[in-house]
Each structure stands twice: as structure tokens, then as C-alpha cells.
Amino acid sequence: MKADFSKPYDPKETEGKIYQTWLDSGYFNPDKLPGKRSKNYIVYMPLPNVTGTLHMGHALNNTIQDILIRYHRMKGFRTLWLPGTDHAGIATQYVVEKDLRKQNISRFELGREKFTEKVWEWKEKYGGIILDQLKKFGVSADWSRTRFTMDQSYAEDVFKTFIHYYEKGWVYRGLRTVNWCPKDGTSLSELELEYADAETKLWYIKYSPEITVATTRPETMLGDTAIAVNPSDKRYKHLIGKTVTLPIQNREIPIVGDIAIDLKFGTGAVKVTPAHDILDFEIGQRHKLETIQVINERAKMTAAAGKYEELKTIEAREKIVNDLKEMGLLVKEEKYQTRVAKCYRCGTIIEPIPSNQWFLKMDKLGAMAKQAIKSKKVRIRPKNFEKTYLNWLENVRDWSVSRQIWWGHRLPVWFHEPKCIPKKGHEKDSAKCEEMVVSLIKPECKYCEGKYVQSDDVLDTWFSSAIWPFGGLSKKDFENYYPGNALVTARDIINLWVARMIFSGLELKKKVPFTDVFINGTILTKDGRRMSKSLGTGIDPLNYINLHGADATRFALIWQASGQDIRWDEAAVMAGRKFCNKIWNASRFVLQKNTGIAKPSKALVGKTSADKKILKKLAAVKKQTGKNIENFEFSKALHDIYDFFWHEFCDVYIEETKKQEGGQEILFYVLSESLKMLHPFMPFITEAIYGNAGENKKLLMIEKW
RNA sequence: GGGCAAUUAGCUCAGUGGUAGAGCGUUCCGUUCACAUCGGAAAGGUCACAGGUUCGAUACCUGUAUUGCCCACCA
């Protein structure tokens, strides 16, 4: 398409058309790129949630990836940027449930099957929104390869991965005290918790003449199975090994010594409730303590709580405090500032309860992930994030991979019906019925008429995201496009996602999925606060596109993305817009003077000192820009080009040529080269102008850098 | 509690062992034809604070303060 220089640059009118031209070219698809391209450059897009809408973080993250892809495409690489969306487990289930609630339908009325159908409907209707928003940014991903983590082939890879781990003996089932959301009815990983400050009380309860404990949760005392003290604590040392009688329950419980106990806090003696506290559970494991569950999955007291059965935990707390008071066992209560863990989705206070979960052993996998960084097979930039990554792996716990929700990959685990109806001639084999089978397809019992029923649990959503670098590729694509090169993501998912992709790739495919991880900065508000929808501090990047164009917005993002955190300053978008105007007008000037020249000459020799100077400068800037991009120094690269274009080329050289004869070829050449350098950063306007430059038939996006 | 980072012009940020730069904003001047979304010029900083290394530190080291982020988590 031709740019119309009789008017000022209008991004609104131009960007849609340019994007369509790119789509029509097919060049987003590596298989359709022209020319010999012997080397690959592959970027795996961090999967946005299907429920998501674009925020500033996506905008920055995807602009960076687009710069990498466009640069390498122009450099002659066979470039693949793999896009997709994540089913996002509980996040999506939550959104759809909320939607249904408006129609007064609960998911329980619908039942599992109908509910998941509804989620699929929802996904078909709204799941593509975020990808369409990315297109407005100029994202040059290969949309023909777009994947969804619940696509059949992807899901199959997820199941195979689970089965692989199971067969290795790395998957186990265990009762474990987990963070449980009573509202969503699911366990949550530590990383899915949000903490909020809360004012509560610290109650001092006398367990024996010698032992008083301090607790914020007296209701859990009903499930206490020990008292723990620090073994070096002189006050209690002599009591270790003895027992006390648990008040109310009148149960004998042992006093154990454990180093996890802080001498300075409270009284130095701690009640241990393995069932309802994760740290206590670990203490319980160490001392082989019994686990007595007194709170159920709806946050009510169980039968084991005796007369408090069926009370909500808070009601039970009040009653118990009162009862203790009456018994004269409440020594004192004091105000206490604490932090309560809440569900990251619904904000409900989580309740640690023992629950049957599936775990993936992390010893071998964690070691592999660690080794990948230590051996420099994978580099994380900025480098200090390698520490974040390694620290996590140093003391990583086994990964709880099961979730009690309906939307997700159901575990490929099949349980035998309780009854056994032996097949004829197999009466003697009835004991051989396998209680549980892990298999991709529904198994049949060899010995009896009994059926297998699939587990109700689904896998943690990160379990499926962890295989994105290969689960997202067809068999043929896998051969051509695995492993990839770069992964650009935010720092908060270095452990949740990046580490898990690395060990998944190594274990399942024997190769690291990518060699470079770039952690982009976090965009904060101008006064340094986190951008978030719930705080009302978020900004919709599409507003900037509508007002000033995608190029100006991309400019603003990269212009400011020099450090880690960005305090977002809107003025930068205006600067980007002004720069667009400058590019547009300088191009008009140069191209009007060069109507007759088809291609810029390659081996130009400057005649005047101004000519020589600009050519020299251009060569230097171009070299430096390439280096900067390859080193993930995008902001530096943009500042250099900006400086060169505006202050060297426009302010000095163009003005100089007005005074001197000739030099048109050099003008034309420097402009063309500038457009190329600018293209990865500001793809729309540069492509639009390039269509006007001489007889260019080629799109700038595939022009040689 | 542990770790990481930041502190430079009114604002958002670069930067370097030898007395500081950009964008935006401000002030003044300028519309001869690429661009007033422009050009030219100017004002504006004891580079958080204290010590140390050095001939010399904003830059290197130590400490302090403030801020932010990550991880762990206190019963």
C-alpha cells in the first residue's frame, strides 16, 4: 500500500490496512517466508489466560517479543512466534460461574458435564479477545499455529506427561495438609495465596501448670496432637518426652522438641495441629504424629470436634474461648496484627485441611532445572533473577499437581468400582482387579465386569503450561521448531512457570526448551504503585492505540523500559507520537526528492564531509542497534536510533543537503536504513512509508536488515 | 526474618574514576516551501546521607535512611 503524504500520518487509518497486508503475505508463518533461511529463531509466547484482557504488562511483554521476532526475521532467520491461550483452570471456572450466577444457575445444578460445556461455549465466544487485542499492537505471531491448552492434541501431551512421570515413580498420592479454599472447593498452591493484614487476637491457653501456649486459632486445638518446644529452650527442655492432657478433648499429647520453634515468640511452646497448619504438618511428619481433622472442607467443625460439630470455625472459636475462660485456662488475650492467607481468586480465607492429593516428586526434576542454569544452557536476564530461580529450587517442595475443580485436564487416573463381579471363568482372579490404573484411555478390567471411573481431580493449570514449548507443536513442527530460543516473561512466574518448563523440556524431550529467558520489567503507576484492576490503578493500553497509534504506544513502552520497574509516564506516548510525525515528514521530504530512484545504492561514497559523517554514523548506529537487540537492551537501542534519526539525520544532515548539490542518493539510503532499524520497534509507520519508497515491492518486514 | 534492586534537573529516567545527559515540562526568540506534533537558545542538579579507597567519586567499598519488589513466615 502507498502512504499518502498529502496528509499527516494517521495511525487509525493506516494500521489496520498494514496489518492486513502482513496477514495476507503469510510471512508470520515461518514455512512461508521467502529466501534461504537456514537458522531458526523461535519465541514461545507466554500464554494469556482465555479470560484475560490486555493490560500494560502484556503490551510491554509482547512488544519486546515482536521486536525480537521482527529483527530476526529481517536478519534472515526462519522465525516462529508461537501464540496460544491457556485454559487457566480455576480463573476461567470462576468467571463462567459468576456469569451463570447472574442467571441464577449454580454449577452444581448443571453438573460437571454440562458445566464444562458452558465453559467451552464461553471460551469459543470470548476466548479469542485477547489475541485480537494483541494484533492491534502489531504482534507478528503465527496465528495459523495458535493453540489452546485444552486442544485435544495438547491435552494428550499433558496426559502423556503425567503418565511418564507416574511410570518413573515420581507421582504419588498422599494425605497432606493443603491450603484449601472452602468456597471454590479446591486446594491452592502457596503461590496462589494472597495475604492480607488482619487484626486478631493472640490467646494464651494453659495446657498444664508448666505449659501455656499462644495461638491465634484456638478452635484448632481440638485437633492438637503434640506440644512442640525448641530443644535448646531451657524453660522446657526437661519436659520433652513427657505428655500433657489436651484441655476440652482430654487427650494425652506428647511434648516434642523441634528446631522450627522460635524461642522468642509467644511463650516458646507451640500447639501442634498437623491437620490444620502446614508447618505443623511438617512437624507432625518429623515426629510421626497423628493427624486429627477437626475442620472440614466447608470450613465447619467435624465430628472429631465433639460438641462443636457443624459449627463454623469462627463460631467454634468464640465458644471455645468462652469455655476455656470458664475452665480458668485462658491466661490472657492480647490484640495481634497478623496476615491471613486468602484465595487469589475469590478472596476467601483459606483453611489448611488434610486432603488427598497427587504430588510430583521434585528432587530429580528440581536438580535438572537447577543444572540447566548452572551449566549456562539457559541464561536468565537480568542475571540477578537467576538467584530467584535457584533459591526457589534449593528448597522446593514436591509439587501438588491435583486440583478439585471441574475445568481442566482431568487426571488420567482410573479407579475401579468398589464392587467386583467376576467374569465367568475368572472367579478365582477377583482379588487381582487393579484398584487404580493410570492410562491415556479408559481401561477395562480383565477379571471382572466392574467398570473404571476417572478421577474427579484436574491437573494444576501450570502442569499444562509447563509443556507449552513442545505441547504447542505438531509432530512435524516439533522436529523443525524445538527447541526454541527466547522466552520473555514477567518475574512473578519465574518459578511457577519458567522453572517448570525447563525441567519438563529436559525430562520429556531431553533438551532445554529455550536458551534465553528475559524478564521484562513491571509497569507501575507514575507514583510507583502496582497496576491492578481491583485497585483501579490499571490502564488499558488500547486507549493509547486509539488515541495515538500502536507505534507511539510501543515507542513509549520501550522508551521507558530501561530498568526493571517502569513508573509509567503517559508523556512518553506523546513523545512517540511526535516521533512518528517526525519520521513521516522527514520521509515525505526525502521521498519527494527521490521520485526517480528505485533502490538505494549499497556502496555509497560520500562526497562532502556531511555525507561522510552521516554514513559513518549510520553504520555505527546500525551495528550498535543489532548488538543491543541481541543483548535484550531494547530501550538503549531505541534511544540510539531516535537520537540518530532526529538529531543527526534530520537536524543536521537534511538541513545540510538543502544547501548542497546532489546527495539525494545518500538521503534515500539513510532513510531506508533508518526505516529498517525502526521497523522492529515501530512496525506500522515504517512499513507504510517503505511502501512509498521508490519501487519497493517487498514488504519492509522481510527486507534484509 | 532472608534476598534483590532503586535513590541523578519540576516529572519519568539514562550515564561515566576526572567537576553531569535525554524525553516531557518551563522561559525567550523564530513561521524562506519536510515537519509549530517544528527549529534555535536558555534556565534548572552540592548526582539520598555519612565514612572509606584514590591525586581525584555521582560513579568503587562500608554503613545509615527512605522506597519498591521477590521469597519465607511467627504459632
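Predicted, not measured: the structure shown is a model, and the values here were computed from it.

Peer 1: I'm lost on the domain arrangement of chain A in this one. Help?
Peer 2: In many reports, interface size means the accessible area that the parts give up when they come together. Domains assigned within chain A are domain 1 (186-354) and domain 2 (552-702). On a C-alpha basis, the centres of domain 1 and domain 2 stand 66 Å from each other.

Peer 1: What is the right way to look at the pattern of salt bridges in this model?
Peer 2: Side-chain pairs of opposite charge can arise whenever the charged atoms involved come near each other. In the structure shown here, the tally under the stated rule is 33 salt bridges. Among the salt bridges present, the one from R112 reaches D456, with a minimum N-O distance of 3.8 Å. Placement of R112 in helix α4 (residues 107-126) and of D456 in the loop between β20 (452-454) and β21 (458-459) is noted, with a sequence separation of 344 residues between them. The exposure class of R112 is buried, given its relative accessible area of 17%. Relative accessible area serves as the criterion here: at 51%, D456 is assigned to the exposed category. One salt bridge connects K383 with E386, and the closest N-O pair in it is separated by 3.7 Å.

Peer 1: Would you mind going over the confidence of the model for chain A with me for this structure?
Peer 2: Detailed conclusions should not be drawn from predicted coordinates in areas where pLDDT is low. This prediction gives chain A a mean pLDDT of 87; 95% of its residues lie at or above 70. Ranking the elements of chain A by mean pLDDT puts strand β6 (residues 186-188) last with 73 and strand β2 (residues 78-82) first with 96. Model confidence for the complex: the whole-complex pTM is 0.86, and ipTM, which rates the interface, is 0.91.

Peer 1: Help me understand the sheet that holds β6, please; the structure alone is not making it clear to me.
Peer 2: Note on sheets: strands pair through backbone hydrogen bonds, and any given pair is parallel or antiparallel. Strand order in the open sheet formed by four strands is β6-β5-β14-β16, with antiparallel pairing between adjacent strands. With partners counted over all chains shown, the strands left at the sheet margins are β6 and β16 (399-400), one partner each. The pairing of strand β5 (residues 171-181) with β6 spans three bridges and is classified as antiparallel. Paired with N179 across the strands is L188, a residue of β6.

Peer 1: Hey, could you run me through the protein's contact with RNA strand B in this one?
Peer 2: Looking at RNA strand B, there are 47 residues lining it, with R339, K526, R567, K578 and W646 nearest. Atoms of RNA strand B within 4 Å of the protein: sugar and phosphate make up 70%, bases the balance. R491 is positioned with one of its side-chain polar atoms (N or O) 2.9 Å from a sugar or linking oxygen of RNA strand B. In the environment of RNA strand B, a base oxygen lies 3.5 Å from a nitrogen or oxygen atom belonging to the backbone of R577.

Peer 1: Before we go on, may I ask you to explain the packing of helix α2 (residues 56-74) against helix α18 (residues 609-630) in this structure?
Peer 2: For any two helices packed against each other, one specifies the inter-axial angle together with the distance between the axes. The interhelical angle for the contact between α2 and α18, taken along N-to-C directions, is 130°, at an axis separation of 10 Å. Our classification of the angle between α2 and α18 gives oblique. The way α2 lies across α18 gives a crossing that is left-handed. Seen from α2, the contacting residues are I67, L68 and Y71; seen from α18, they are G626, I629 and E630.

Peer 1: It is not clear to me how the side chain of D142 should be interpreted in this structure. Could you clarify?
Peer 2: Within the secondary structure, D142 sits in the loop between α5 (129-136) and β4 (147-148). On the basis of relative accessible area, D142 is assigned to the buried category, the value being 2%. Among residues more than four places away in sequence, those in contact with D142 are F28, N29, P30, L80, W81 and P83.

Peer 1: How should I be thinking about α5 in this particular structure?
Peer 2: In an α-helix, one full turn covers 3.6 residues, which means residues spaced three or four apart are oriented alike. When we look at burial in α5, the residues that qualify are I130, L131, Q133 and L134. Looking straight down α5, one finds that the buried residues subtend no more than 155° of arc, so they occupy a single side. Next to the buried residues of α5 lie α2, β3 (84-85) and α15 (541-548). Where α5 terminates, the next one or two residues include G138, which has phi positive at roughly 90°.

Peer 1: What's the story with the sheet that holds strand β10 (residues 243-246) in this structure? I'm lost.
Peer 2: With mixed pairing, four strands are arranged side by side in an open sheet as β10-β11-β9-β12. Every interior strand has two partners, whereas the edge strands, β10 and β12 (269-272), have only one. If you compare each strand with its neighbour and ignore which way they point, the axes differ by 35° on average. Where strand β9 (residues 226-229) lies against β12, four bridges are found, and the strand directions are antiparallel. Each bridged residue has a counterpart across the sheet, and for V229 the counterpart in β12 is A269.

What counts, and where the lines are drawn
- Counting of residues starts from 1 at the beginning of each chain's written sequence and follows it residue by residue.
- Chain labels run from A onward and ligand labels from 1 onward, assigned in the order the entries are written.
- Only residues with pLDDT of at least 70 are given local features in this predicted model, and only at 80 or more are side-chain atom pairs given and counted; all residues enter the totals for whole chains, interfaces and linings.
- Excluding hydrogens and water, the side-chain figures rest on all heavy atoms present in the structure.
- The source of the domain bounds is an automatic or database domain assignment.
- Any carboxyl oxygen of Asp or Glu within 4 Å of a side-chain nitrogen of Lys or Arg constitutes a salt bridge here.
- We count a stretch as a helix when DSSP gives it H or I for four or more residues in a row; a strand needs E for two or more, and each element gets its number in order from the N terminus.
- Think of it in three bands: residues with accessible area under 20% of the maximum for their type are buried, residues over 50% are exposed, and the middle band is partly exposed, with areas taken using a 1.4 Å probe on protein chains only.
- Per-residue confidence from the predictor is reported as pLDDT, a score between 0 and 100.
- Here, strands pair whenever DSSP counts at least two bridges between them.
- A molecule or strand has a residue near it when one of that residue's heavy atoms lies within 4 Å.
- Whenever a nitrogen or oxygen atom comes within 3.5 Å of another N or O atom, the pair is scored as a polar contact, on the condition that within protein one atom can donate a hydrogen and the other can accept it, and that pairs from neighbouring residues in sequence are kept only if both atoms are in side chains.
- Orientation is described by lines fitted to C-alpha atoms, with helices fitted over the stretch in contact, and by angles between N-to-C directions that extend from 0 to 180 degrees.
- We call two directions roughly parallel when the angle between them is under 35 degrees, roughly antiparallel when it is over 145, roughly perpendicular when it lies between 65 and 115, and oblique otherwise.
- In this scheme, a crossing is called left-handed if the near helix is turned counterclockwise away from the far one by less than a right angle; it is called right-handed if the turn is clockwise.
- Residue contacts follow a heavy-atom distance rule, with two residues in contact if any of their heavy atoms lie within 4.5 Å.
- Starting at the helix axis, one direction is taken to each C-beta atom, and the arc is that of these directions.

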